[in-house]
Amino acid sequence: MQAVPLHAAEPAVAPVAAPAGKPRMKLLVPVSPSRRVWLGVAFFAVFIGFWWAITASGWVPPHFLASPWKTLQAGYDLFATQNFIHDVGMTVWRVVGGFLIAAVIAVPLGIAMGAYKPVESFFEPFVSFARYLPASAFIPLLILWVGIGEAQKLSVIFLGCFFQLTLMIAMIVAGTRRDLVEAAYTLGAKDRGVIRRVLLPGAAPEIAEALRQVLGLGWTYVIVAELIGASSGIGHMITDSQALMATENIIAGIVVIGLVGLCSDLLFKKANQRLFPWSLLR
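Quick caveat, the model's predicted, so the values are computed rather than measured. (Residues numbered from 1 in each chain as written. Predicted model: local features only at pLDDT ≥ 70, side-chain atom pairs only at ≥ 80, totals over all residues. Heavy atoms only, no water.)

Draft legend 1. Expanded view of the packing of helix α4 (residues 84–115) against helix α5 (residues 117–130). Closest axis-to-axis distance for the α4/α5 pair is 5 Å, and the angle between their directions is 120°. It follows that α4 is oblique to α5 by the angle criterion. Contacts between α4 and α5 involve L109, A112, M113, G114 and A115 on the former and, on the latter, K117, V119, E120, F123 and E124. Partitioning the contact of α4 with α5 into residue classes produces 6 nonpolar, 1 polar and 3 charged. (Axes fitted to C-alpha atoms, helices over the stretch in contact; angles between N-to-C directions. Helix = DSSP H or I, 4+ residues; strand = E, 2+ residues; numbered from the N terminus. Parallel < 35°, antiparallel > 145°, perpendicular 65-115°, else oblique. Contact = heavy atoms within 4.5 Å. Nonpolar A, V, L, I, M, F, W, Y, C, P; charged D, E, K, R; others polar.)

And the structure:
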């Protein structure tokens, strides 16, 4: 009997086809800055196209939803003939003012809560309780206490930002690596030195990011503050437009809020990257 060679007895294996191309998306892989911009612009284009299609088709009456072109015309008219730039400036001033007052108090308090556990135990239950209280619920009390002027509007934004920011900063500082703190103590550092050389440099980028996020909360509260007893501001314009059923003005005001908020967010982000360049290495 003739022996069969070993290689002849093995079945033929079909070659595995190479993938047709690289996958378009991978988990947690960042995209290039230019592609990120184009993808963001593409979404806005799709959104505006969908908005235009709904209004042009007649599915929604014009007094319920104005078209993009009519909204653009209304925005131009607001700035050109109705001094809307003053209302925008007043709203920006209120947001920035209330946010800065909250930050001046919340940052040192949050750092103290994160660094010292007795301080955290003293303040944390109340701060956790208060952050669930809607700032708009305090408006009747604030009107009684400080009237309907600028103090009332700043107080609403302060209440909306302060408790959230305090707790976020406390959690950030408390999350500092324990081994770095122990190493600093081993090298002879005192509490002040550990806070200044270890806790703050490590937590500063995340604290700045928390400030950026809470600034966005300020924009959500300022319109509520301006709906009552205001004679200027974007919220005041929206209230007047509601009485006149001028939906194009209402939408224009909402769009302006989004644009101003987006610009402030981008500026805050760029400032954080310049102030804390080591955060980019994470």
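Further notes follow.
Draft legend 2. Structural context of the nonpolar core. Counting 47 residues, the largest nonpolar core has L165, I207 and I234 as its most contacted members. When residues of this core are traced back to their parent elements, those giving at least two are α4, α5, α7 (150–174), α8 (178–186), α9 (191–226), α10 (234–243) and α11 (247–275). The greatest single-element share of this core, amounting to 13 residues, is contributed by α9. Excluding anything up to four places from it in sequence, L165 contacts A103, A106, A210, L211 and V214. If you look at the next biggest cluster of nonpolar residues, it comprises 5 residues, including A135, I139, L142 and V156. (Core = buried A, V, L, I, M, F, W, Y, C linked by side-chain atoms within 4.5 Å. Buried < 20%, exposed > 50% of the residue type's maximum accessible area, 1.4 Å probe, protein only.)

Draft legend 3. Structural view of the packing of aromatic side chains. This structure, assessed with the given rule, holds 9 aromatic pairs. Ring plane angle 75° and centroid distance 6.5 Å describe the contact between F43 and F44, whose orientation is recorded as edge-to-face. With respect to class, F43 is no different from F44; both count as exposed. Between F99 and F268, the aromatic rings sit 6.5 Å apart at their centres with planes inclined by 80°, giving edge-to-face as the arrangement. Separated by 169 residues along the polypeptide, F99 in helix α4 and F268 in helix α11 bring together distant segments of the chain. Using a relative accessible area of 6% as the deciding quantity, one classes F99 as buried. Following the ring pairs from residue to residue traces out a cluster consisting of F126, F129, F158, F162 and F163. (Phe/Tyr/Trp six-rings, centres within 6.5 Å; stacked < 30°, edge-to-face > 60°.)

Draft legend 4. Expanded view of a nonpolar patch on the surface. Taken together, the side chains of F43, F44, F47 and I48 define a hydrophobic patch exposed on the protein surface, amounting to about 450 Å² of accessible area. Checked against the element boundaries, F43 lands in helix α2 (residues 33–57). (Patch = residues over 30% accessible without salt bridge, like charges linked within 9 Å, V, L, I, M, F, W, Y side chains within 5 Å. Areas by Shrake-Rupley, 256 points an atom, 1.4 Å probe, with all protein chains shown as cover. Salt bridge = Lys/Arg side-chain N within 4 Å of Asp/Glu carboxyl O.)

Draft legend 5. Summary view of α4. Across its 32 residues, α4 extends 46 Å between first and last C-alpha, which sits within 8% of the 46 Å expected from 1.5 Å per residue. The largest bend in α4 amounts to roughly 30° and is located at A106, with the proline P108 lying one to four residues further along. (Expected span 1.5 Å × (residues − 1). Bend = angle between axes of the 7 residues up to and from the residue.)

Draft legend 6. The arrangement of the pattern of salt bridges in detail. Evaluated as defined, the whole model comprises 5 salt bridges. Of the charged contacts in the structure, one is a salt bridge between R212 and E209, with a shortest N-O distance of 2.3 Å. A residue pair is termed a helical-turn pair when its members lie 3 or 4 positions apart in one helix, as R212 and E209 do in helix α9 at 3 residues. Among the residues examined, R212 registers a relative accessible area of 14% and is labelled buried. Via salt bridges that share partners, R94, E150 and E226 belong to a single interconnected network.

Draft legend 7. Fine view of the side chain of N272. Examined against the element boundaries, N272 turns out to sit in helix α11. According to the relative accessible area criterion, N272 is buried, its value standing at 9%. Not counting the four nearest positions on each side in its chain, N272 is found in contact with A208, E209 and R212.

Draft legend 8. Focus on the packing of helix α3 (residues 68–81) against α11. Put simply, α3 and α11 touch, their axes get as near as 8 Å, and they point 75° apart. Looking at the two axes, α3 sits roughly perpendicular to α11. Contacts from K70, T71, A74, G75, L78 and F79 of α3 reach α11 at E248, N249, I251, A252 and V256. Looking at side-chain class alone, the contact of α3 with α11 contains 6 nonpolar, 3 polar and 2 charged residues.

Draft legend 9. Spotlight on the environment of V60. Following the sequence through the fold, V60 ends up in the loop between α2 and α3. Judged by its relative accessible area of 24%, V60 falls in the partly exposed class. Discounting chain neighbours no more than four positions away, the residues touching V60 are I54 and L65.

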